[in-house]
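For reference, the chains in residue letters:
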Amino acid sequence: MATPPAAGRTRTRTRTRTRTHAAGPRRHDSAGPLAYALLAAVVLASIFPLYWTFVVASHSDNSVLGGSTPSLVPGGHLLDNIRRVFDTVDFWKALGNSFTVAGTTAVSNVLLSSLAGYAFAKLRFPGRNALLVVVIATVMVPTQLGIIPLYLLVTDMGLYGKLSSLIVPALVSAIGVFWMRQAMEENIPDELIEAARMDGAGQLRTFWYVAWPGVRSVAAVLGMFTFMFAWNDYFWPLIALPPENGTVQIALNQLAAGYYTDYTLMLAGVVVSVVPVLALFAVLARRIVSGVMAGAVKG
């Protein structure tokens, strides 16, 4: 009795699947319990300092300095301590100054570093490689070595004591230029640039409509890091600004001054100062994660 063609094809597919399964199961790259345990430990270790800051800021000064082991449970004095922060120093002005400095430098670094990175990656001009080496070499110079010349320059320009003394020197950074240059080189094919030029687009139009959309996630990471570094900067604002016109970090230093340190007051100020950075990260979280992972996926 002849076997129907359909039955023969079915048996053939069955034997093929059987041989495939007999060759061994497919590998599934999944993390084991140990990996998850280590990841959880790292996350807890990273979050605990912030949680401890919140806990201390929510207790009274007497309970913190009473000599007994502090509780890990938040107290009920957080709002009172935050109110004392704003009563002790002009914290609103400090927040406004930090927002102005950090926001301006973040936007300018993203824009100027992207333009410079596009030029180094996609334009051909004499001395391009030598100039890029010079830009990268400036990263090797410690910031402290340039403080005195920077102070003299800012004073001669009449910027001392003004927020512009913090903004102007930080409008663009060598790290940002190198970062965006690498992003342009890896994410934007030369063929797209050439096609835009053949269509008659100028350099700025090519940058904005062809290059910029491909590096927006990387630019978000650069903007976040620049904002964070400017927000947390303490050394140069301490030199360039008077205490009455300082940034958040100068205000926190004033909270810690005195015959004894009121830790609940100081850490309540820290809690307030951390909130804007966390809020910005929450807004840009998706772009930041995709920008950080882009290089890893490519590699």
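Residues numbered from 1 in each chain as written. Predicted model: local features only at pLDDT ≥ 70, side-chain atom pairs only at ≥ 80, totals over all residues. Heavy atoms only, no water.

Caption draft 1: Highlighting the environment of Val 85. Its place among the elements puts Val 85 in helix H4 (residues 78-88). Separated by 180 residues in sequence, Val 85 and Leu 265 place their C-alpha atoms 6.2 Å apart. (Helix = DSSP H or I, 4+ residues; strand = E, 2+ residues; numbered from the N terminus.)

Caption draft 2: Here's a closer look at helix H11 (residues 203-211). Residues of H11 that are buried include every one of Thr 206, Phe 207 and Ala 211, and no others. Buried positions in H11, seen along its axis, are confined to an arc of 100° and lie on one side of it. Every exposed residue of H11 that faces more than 90 degrees away from the buried side is listed here: Leu 204, Arg 205 and Tyr 209. As for H11, its buried residues are in contact with helix H5 (91-122), helix H9 (174-187) and helix H10 (190-198). (Buried < 20%, exposed > 50% of the residue type's maximum accessible area, 1.4 Å probe, protein only. Arc of directions from axis to C-beta. Contact = heavy atoms within 4.5 Å.)

Caption draft 3: Expanded view of the packing of H5 against helix H6 (residues 128-137). Contact geometry of H5 with H6 gives a least axis separation of 10 Å together with a crossing angle of 140°. Regarding the angle of H5 to H6, the classification is oblique. The chirality of how H5 crosses H6 is left-handed. For the pair formed by H5 and H6, the contact residues are Ala 119, Phe 120 and Ala 121 on the first element and Arg 128, Leu 131, Leu 132 and Val 135 on the second. Residue classes in the contact of H5 with H6 are distributed as six nonpolar, no polar and one charged. (Axes fitted to C-alpha atoms, helices over the stretch in contact; angles between N-to-C directions. Parallel < 35°, antiparallel > 145°, perpendicular 65-115°, else oblique. Left-handed = near helix turned anticlockwise from the far one by under 90°. Nonpolar A, V, L, I, M, F, W, Y, C, P; charged D, E, K, R; others polar.)

Caption draft 4: Inspection of the environment of Val 215 at higher detail. With respect to the helices and strands, the residue Val 215 is situated in the loop between H11 and helix H12 (216-232). Its relative accessible area of 0% is what places Val 215 among the buried residues. Between the C-alpha atoms of Val 215 and Ile 188, which are 27 residues apart in sequence, the distance is 8.2 Å. Once you skip the residues sitting within four places of it in the chain, Val 215 turns out to touch Met 180, Ala 183, Met 184, Asn 187 and Ile 188.

Caption draft 5: Highlighting the nonpolar core. Core analysis: the biggest nonpolar cluster contains 27 residues, and Phe 91, Trp 231 and Leu 255 have the highest contact counts within it. The element contributing the most residues to this core is helix H15 (residues 263-298), with eight residues. Within the second largest apolar cluster, 15 residues are counted, among which are Tyr 118, Ile 188, Phe 207 and Leu 222. (Core = buried A, V, L, I, M, F, W, Y, C linked by side-chain atoms within 4.5 Å.)

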